[in-house]
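Structural characterization, general
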Amino acid sequence: MIKKSSLYLFLIFIIFWSISPFLWILLTSVKPPAQIMQLPPVFPKIYSVISYKNVLLESPFPKYLLNSFMISLSTVLLTIPLSLFAAYGISRFSFRGKTFVLFMIIILFALPSISLVAALYKLFYALGWINMPASLICTYSALNFPLTFFLLIKYIDKIPIEMDYAAILDGCTHFQIFWYIITPLAAPGIISAAILVFIFCWNEFLFALTFAPDESTRMASVGIALFQGTYEIPWGDIAAASVVVTVPLLIFLLFFQKYIVQGLTSGAVKE
Amino acid sequence: MKIRFQDLTKQYGNTTALHPLNLDIHDGEFLVILGSSGSGKSTTLNILAGLEAPTSGYLFFHEHMVNHVPPGKRDVALVFQNYALYPHMRVYDNIAFPLKIRKAGDSHQKVTKTAEMLGIDALLQKYPKELSGGERQRVALARALVRNPQVFLMDEPLSNLDARLRISARGELKKLQRKRNITTIYVTHDQTEALTLGDRIAIMDKGRLQQVGTPHEVYQKPRNMFVAGFIGMPPMNMARISISNSRSFSIGGVVVEFPALLPSTRDVILGIRPEKLTIVPPHSPHAITGKIVHREYLGSESISHVEITKNILWYVNRNAAEGTKTGDMAGLQFSPEDTHWFDPVTGVRIEF
């Protein structure tokens, strides 16, 4: 009994520990501006929506949100089909150089993104892609490809080979097998991969700041960092913007929680 | 469809899965390929279906060599051991799938007709996971039959059913095949299925075809010791005997009088089916004497384990009513026409 309650106490502590920064932001976002920097901090007596009004109505932040959404979605739509094709090929066919291909993709996985920034910047500059969504979409797709690729291989490996045989005998071409059998059966994996990619892009900061800092293509994560006040840092607006960026993601996560956990733990235990 | 295997082999790296196979399958025949795992029976089936390519040799459908014809163009249907139904499609779509891929007309009518024939028309809107084993098996059959294939292949389709369902499924399968008159190749490790279903049985072991024949032939005249030991439950009793003269032989050092003329070879293998032995009082004339060490009661019959010498244990299949018990000595009598003889070196059947 004591053991159990102490476990619960511990869990509550951990949850509070993790959630407290976010609560802090939430509180800051609804404080009247005068109380934000007050020391020691106080619980606001009256709540104010002025920061939200600033962010949503009087700044270009909604535009940044739309940019984030479009770039994240485009990345998903590019990465998932590519990695699905690749995973199907690797899972179902043996060919010369297969190990080499897998090895190269693992290397891609291991590259730290900071090491890519300079080279990619030069490349995109030469292509004239700076401040164009294409630069981010391509970078994000390449960075996420190994993750989704291996995740989907796990899913496709679990589909019994007899499915393919049955489809072959029913007259399917390889593409028809891929389209009618493999893709629908790998759907849970595809959904969880898509969500992981989307979250990655939504939160990404480094490349977004480097390749597309212009207002027209600026992503929300960068937008928060670049909030400017006339004489001081507008902490209230920044907090409100952070909440606005996080909430859709949270709703999204709650909704698809099942798939995300499935995706991250697939292959962990024998089924 | 007439099918011919001509010197067909299959190798995986250094292991030979199939030694040169020569086999003719008649049009409309129900052929059962019987063997244990690793016998090459599934390889044979996969080559027939086109899922695997032979290493050498030829496969003919009628007079056409089909080695390089892809599976989808062979007009061959396969029922898998685990049915391989598409889990994301309803029963209706599962059955309609081969028609959809082949862009066959009036698929709706064909699907409903096939479903009616197999008695699954009430399940068409369900998903495979909502079905019982027997129902899944019927859906798999329906999916195979709906496009009216020339050749029907089955890979142990009944092994996932429970014993009681298997008997009725066997009957229905045979009835269905007769009605449609489709050339059927059925792979199994279950000799009961082989004996009850097959027009002919092909017995395989270690990648070699051991014998092809009607159920009666393979049971009554097994071509070698493997077939003799494989077909029949309990298996045929076999022992090496040495013939001392034309009227007596010795088995494990014990001399037994034989009621007929014996072959002139000195060393042979004698085989007698368990149901052809009669239990008589010990040391009766022309009987092999041994000790009953164990009895298995099976209801309508019982199987006695009789130890003739330390190394020779024979089974006797007798009416349960008979009054012997474990520990008794007994004589085993047989008539000369029920004996099988095999060469002790090659294992091949010897006819006198």
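Our structure is the block above this text.
Anyway, here's the lowdown on the structure attached to this text. (Residues numbered from 1 in each chain as written. Chains lettered and ligands numbered in written order. Predicted model: local features only at pLDDT ≥ 70, side-chain atom pairs only at ≥ 80, totals over all residues. Heavy atoms only, no water.)

1. Re the sheet that holds strand β10 (residues 208-213) of chain B
All names here are of chain B. Where we set the bar: Should DSSP find at least two bridges between two strands, the strands are taken to pair. Counting from the N terminus, the helices are DSSP H or I runs at least four residues long and the strands are E runs at least two residues long. In this analysis an axis means a line fitted to C-alpha atoms, helices contributing only their contacting stretch, and an angle means the value between N-to-C directions, from 0 to 180 degrees.
Spatially, the six strands line up as an open sheet ordered β6-β7-β8-β3-β9-β10, and their pairing is mixed. At either end of the open sheet lies a strand with only one pairing partner, and these are β6 (76-79) and β10. Each strand of the sheet is rotated relative to its neighbour by a mean of 20°, with strand direction disregarded. Note that strand β3 (residues 30-34) and strand β8 (residues 183-188) share five bridges and pair parallel. What sits directly across from F30, in β8, is T184.

2. Brief notes about the pattern of salt bridges
Applied cut-off: Definition used for salt bridges: Asp or Glu carboxyl oxygen within 4 Å of a side-chain nitrogen of Lys or Arg. Think of it in three bands: residues with accessible area under 20% of the maximum for their type are buried, residues over 50% are exposed, and the middle band is partly exposed, with areas taken using a 1.4 Å probe on protein chains only.
Scanning the model with the defined rule gives 13 salt bridges over all chains in all. With a shortest N-O distance of 3.0 Å, R138(B) and E172(B) are connected by a salt bridge. Here the residue R138(B) occupies a position in helix α4 (residues 133-145), and E172(B) occupies one in helix α5 (residues 163-180), the gap between them amounting to 34 residues. Relative accessible area serves as the criterion here: at 25%, R138(B) is assigned to the partly exposed category. Two residues, D199(B) and K174(B), come together in a salt bridge whose shortest N-O distance is 3.1 Å. Placement of the pair is D199(B) in the loop between α6 (191-197) and β9 (200-205) and K174(B) in helix α5, with a sequence separation of 25 residues. Looking at D199(B), the relative accessible area reads 31%, which means it is partly exposed. One salt-bridge network, in which partners are shared between bridges, spans D170(A), R143(B) and R147(B).

3. Digging into the sheet that holds strand β5 (residues 64-65) of chain B
Residues and elements named next belong to chain B. With antiparallel pairing, four strands are arranged side by side in an open sheet as β2-β1-β4-β5. What marks the edges here is a single partner per strand, and that holds for β2 (15-25) and β5. As paired strands, strand β1 (residues 3-12) and β2 are joined by seven bridges and run antiparallel to one another. Bridge pairing in β2 links R4 to D24.

4. A look at a nonpolar patch on the surface
The line we're drawing: Each patch is assembled from residues with relative accessible area greater than 30% and no salt bridge, linking like charges that lie within 9 Å and nonpolar side chains (Val, Leu, Ile, Met, Phe, Trp, Tyr) that lie within 5 Å. Here the open area of atoms and residues is found with the Shrake-Rupley method and a 1.4 Å probe, where only the protein chains shown may cover a residue.
A contiguous nonpolar surface patch, about 780 Å² in accessible area, is contributed by F93(A), F95(A), F100(A), V101(A), F103(A), M104(A), I107(A), L108(A) and L111(A). Relative to the helices and strands, F93(A) resides in the loop between α4 (61-92) and α5 (98-110).

5. Examining the pairing of strand β16 (residues 287-297) of chain B
A regular strand carries its side chains on alternate faces of the sheet. All names here are of chain B. In this sheet, strand β19 (residues 329-333) lies alongside β16 in antiparallel orientation, the contact comprising five bridges. Counted as the bridge partner of A287 is Q333 from β19. Relative to strand β17 (residues 301-309), β16 runs antiparallel, the two being bridged by six bridges. Across the sheet, Y297 pairs through a bridge with S302, a residue of β17. Taken together, β16 and the strand that follows it, β17, pair antiparallel across an intervening segment of three residues, in which G299 is found at a positive phi of about 90°.

6. Focus: the interface of chain B and chain A
Definition in use: Any two residues whose heavy atoms approach within 4.5 Å are treated as being in contact. The buried area of a pairing is the accessible area, by a 1.4 Å probe, that goes missing from both parts when the two are put together, added over both. In protein, a polar contact requires one atom able to donate a hydrogen and another able to accept it; more generally it is a pair of N or O atoms within 3.5 Å, and residues adjacent in sequence count only if both atoms are side-chain atoms.
Of the residues lining the interface, 21 residues belong to chain B; the matching set on chain A comes to 15 residues. Both sides together, the interface formed by chain B and chain A hides about 1600 Å², and carbon and sulfur atoms give 71% of it. Taken as a group, Y86(B), H88(B) and I101(B) account for 31% of the area that chain B buries against chain A, more than any other trio of residues on that side. At the junction of chain B and chain A, the tally comes to two salt bridges. The closest approach of N and O atoms between R143(B) and D170(A), which form a salt bridge, is 4.0 Å. The interface formed by chain B and chain A contains seven residue pairs in polar contact (both at pLDDT 80 or more). Sorting elements by how many residues they give to the side of chain B that touches chain A places helix α2 (residues 91-102) of chain B first, with five residues.

7. Topic: the side chain of R143(B)
Following the sequence through the fold, R143(B) ends up in helix α4. A polar contact is formed between the side chain of R143(B) and the backbone oxygen of A84(B), at a distance of 2.9 Å. Aside from chain neighbours lying at most four places away, what touches R143(B) is A166(A), D170(A), Y83(B), A84(B), L85(B), Y86(B), N94(B), I95(B) and P98(B).

8. Brief notes about unusual backbone geometry
Here M233(B) and P234(B) are connected by a cis peptide whose omega angle stands at -5°. Among the structural elements, P234(B) can be located in the loop between α8 (225-230) and β11 (237-245). Positive phi values are uncommon outside glycine, yet N131(A) reaches one of about 65°. Mapped onto the fold, N131(A) is located in the loop between α6 (114-127) and α7 (133-158). By relative accessible area, N131(A) is classed as partly exposed at 27%. Of note in the backbone geometry, H286(B) takes a positive phi value of approximately 60° without being a glycine. Assignment of secondary structure puts H286(B) in the loop between β15 (278-280) and β16. Overall, H286(B) belongs to the partly exposed group, its relative accessible area being 33%.

9. Re helix α1 (residues 2-30) of chain A
Residues and elements named next belong to chain A. Note the cut-off: Working rule for helices: expected span equals 1.5 Å times residues minus one. Take the seven residues that end at a residue and the seven that start at it, fit an axis to each, and the angle between those axes is the bend at that residue.
Between its terminal C-alpha atoms α1 stretches 39 Å, which fits the 42 Å expected from 29 residues at 1.5 Å a residue. In the structure, α1 departs most strongly from a straight axis at I19, where the bend amounts to approximately 45° and where the proline P21 lies between one and four residues downstream. Taken together, the buried positions of α1 are occupied by T28, S29 and V30.

10. Points about empty space enclosed by the protein
What counts here: The way it works is a 1 Å grid over only the protein atoms, where trapped points that fit a 1.4 Å probe form a cavity and open points with protein on both sides within 12 Å along at least five of seven lines form a pocket, and then any residue with an atom within 4 Å of a point lines it. Grid points are joined across faces, edges and corners, and a volume is the space filled by probe spheres set on the points. Just so you know the grouping, Ala, Val, Leu, Ile, Met, Phe, Trp, Tyr, Cys and Pro go in nonpolar, Asp, Glu, Lys and Arg go in charged, and all remaining residues, Gly too, go in polar.
All told, the structure shown has two cavities of 30 Å³ or more when counted by the stated rule. Put simply, the largest cavity is a space of about 60 Å³. Every residue along the wall of the largest cavity is listed here: A166(A), L169(A), D170(A), A77(B), L78(B), A140(B), R143(B), A144(B) and R147(B). Among the secondary structure elements, those contributing two or more residues to the lining of the largest cavity are α8 (161-169) of chain A together with β6 and α4 of chain B. The element best represented in the lining of the largest cavity is α4(B), accounting for three residues. In terms of residue class, the lining of the largest cavity is made up of six nonpolar, no polar and three charged. Here the second largest cavity defines a volume of roughly 40 Å³.

11. Remarks on the packing of α4(A) against helix α10 (residues 187-203) of chain A
Residue and element names in this part refer to chain A. Our working definition: The cut-offs work like this: below 35 degrees is roughly parallel, past 145 is roughly antiparallel, 65 to 115 is roughly perpendicular, and the gaps in between are oblique. When the near helix sits turned anticlockwise from the far one by under a right angle, the crossing is termed left-handed; a clockwise turn instead gives a right-handed crossing.
At a minimum axis separation of 8 Å, α4 and α10 run at an interaxial angle of 140°. Between α4 and α10, the interaxial angle falls into the category oblique. Relative to α10, α4 is oriented so that their crossing is right-handed. Residues L65, S68, F69, S72, L73, T75, V76, T79, I80 and L84 of α4 form the contact with α10, whose participating residues are I190, A193, A194, V197, F198, C201 and W202. Residue composition of the contact of α4 with α10, grouped by class: 13 nonpolar, four polar and no charged.

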